[in-house]
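# Structure at a glance
What follows is each chain in one-letter form.
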Amino acid sequence: MDKSIRRRQKWIQPAVLALGGADSQLHLFTVFSLNGLPNHDTMSGREKPRVQGQKFLERRRPLLMNWITKLERKYGRFCIPNLINVLIGGQILVYAIELFVNQYISFALSLSRDGLLAGQIWRVLTFVFVPFSGGGPLSVVLGIYFTWFIGSALEKEWGDFRFNLYLLLGMLGAVLACLLTGYADTYCLSLSLLLAFAMLYPEMQVLLFFVIPVKVKYFGWFAAALWVFSFLSMGLFGKLNYLLCMAGFLLFFGPQAWRSIRAWVRREQWKRKNKR
């Protein structure tokens, strides 16, 4: 690794990751530090080092980048810059109001089919400002911080438009899921950010409890396993809800994930065949 890149690497402050399903309230609280996050200069015009995320996107450019690039050229001027800061600022404000002013504000802002059908259209936007609650105030605050950290990295890696599109697809999926199944929240939307981060930076190393080195891809596998466990334990409408809420991840990473699974299956079949 180039020395200049190594000097730009920083230790990130501790964060807490809270994962849980809608039906199975299984939560993981992981305290860790991150090392090796690449320095992004997407908006400055300076050449930035080639990183894992760039190589990943270049490998899958024919399938994904064509239609996204066309959309960006046509509608790129309409994107919201620094969207993750707007999102996190809204979540902090809503949670502060819930703690000190009105503890029922989340019910007025979150997705509800009855509310949408009654004309409460603001819910299609305000539900993203309701932080996913996986425990007490400490887990919520640290969960907000972790979302900001991952979202900032994705926004700098993709640029404003692609990050806007990724969140918009997840929001549209959640709204559609709410209309069809009656409920939806920000759990899958937050989870899709973590999975995207793991797909782009699988080899980045984290220190679990500041001691045990673990690669980000293993956190991604664990989060995906929780999602699959919750998905399989649900009924038809629950499965539909989970799939629609993950629309952004499925459209961005689905084709590459499918090709990777097929390649792994073929590799295993070849290994078994040559052992005989």
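See the structure printed just above.
Reference entry: report on the structure contained in this document.

Procedures and definitions
- Residues numbered from 1 in each chain as written.
- Predicted model: local features only at pLDDT ≥ 70, side-chain atom pairs only at ≥ 80, totals over all residues.
- Heavy atoms only, no water.
- Salt bridge = Lys/Arg side-chain N within 4 Å of Asp/Glu carboxyl O.
- Helix = DSSP H or I, 4+ residues; strand = E, 2+ residues; numbered from the N terminus.
- Buried < 20%, exposed > 50% of the residue type's maximum accessible area, 1.4 Å probe, protein only.
- Polar contact = N/O pair within 3.5 Å; in protein donor to acceptor, adjacent residues only side chain to side chain.
- Contact = heavy atoms within 4.5 Å.
- Axes fitted to C-alpha atoms, helices over the stretch in contact; angles between N-to-C directions.
- Parallel < 35°, antiparallel > 145°, perpendicular 65-115°, else oblique.
- Phe/Tyr/Trp six-rings, centres within 6.5 Å; stacked < 30°, edge-to-face > 60°.
- Lys NZ or Arg CZ within 6 Å of the ring centre and 35° of its normal.

This structure, assessed with the given rule, holds 4 salt bridges. Two residues, Glu268 and Lys271, come together in a salt bridge whose shortest N-O distance is 3.9 Å. Of the two residues, Glu268 and Lys271 are both situated in helix α13 (residues 247–275); the distance of 3 residues between them amounts to about one turn of the helix. Judged by relative accessible area, which is 41%, Lys271 ranks as partly exposed.

Here we come to the side chain of Thr186. Within the element layout of this structure, Thr186 appears in the loop between α9 (160–181) and α10 (187–200). Separated by 3.4 Å, the side chain of Thr186 and the backbone oxygen of Val130 make a polar contact. Ignoring any residue separated from it by four or fewer positions in sequence, one finds Thr186 in contact with Phe127, Val128, Val130, Pro131 and Phe132.

Another aspect to go through is the packing of helix α4 (residues 83–100) against helix α8 (residues 137–158). Two elements in contact, α4 and α8, have axes whose closest approach is 9 Å; the angle formed by their N-to-C orientations is 170 degrees. Of the possible angle classes, the one that applies to α4 and α8 is roughly antiparallel. Across from Leu83, Ile84, Asn85, Ile88, Gln91, Ile92 and Tyr95 in α4, the residues of α8 making contact are Pro137, Val140, Val141, Ile144, Thr147, Trp148, Gly151, Ser152 and Glu155.

For the rest of this paragraph, the subject is the environment of Arg162. Looking at the element boundaries, Arg162 is found in helix α9. The spatial distance from the C-alpha of Arg162 to the C-alpha of Thr69 is 8.9 Å, given a sequence separation of 93 residues.

Phi at Asn82 takes a positive value of approximately 55 degrees, unusual for a residue other than glycine. Tracing the sequence through the fold places Asn82 in the loop between α3 (61–75) and α4.

Now for the packing of aromatic side chains. By the definition in use, this model includes 14 aromatic pairs. Aromatic pair Phe252 and Phe253: ring centres 6.4 Å apart, planes at 45 degrees, arrangement tilted. Judged by its relative accessible area of 1%, Phe252 is buried. One aromatic cluster in this structure is built from Trp158, Tyr166, Phe249, Phe252 and Phe253. Here the basic side chain of Lys239 rests over the ring of Phe231, its NZ or CZ set 5.7 Å away from the ring centre.

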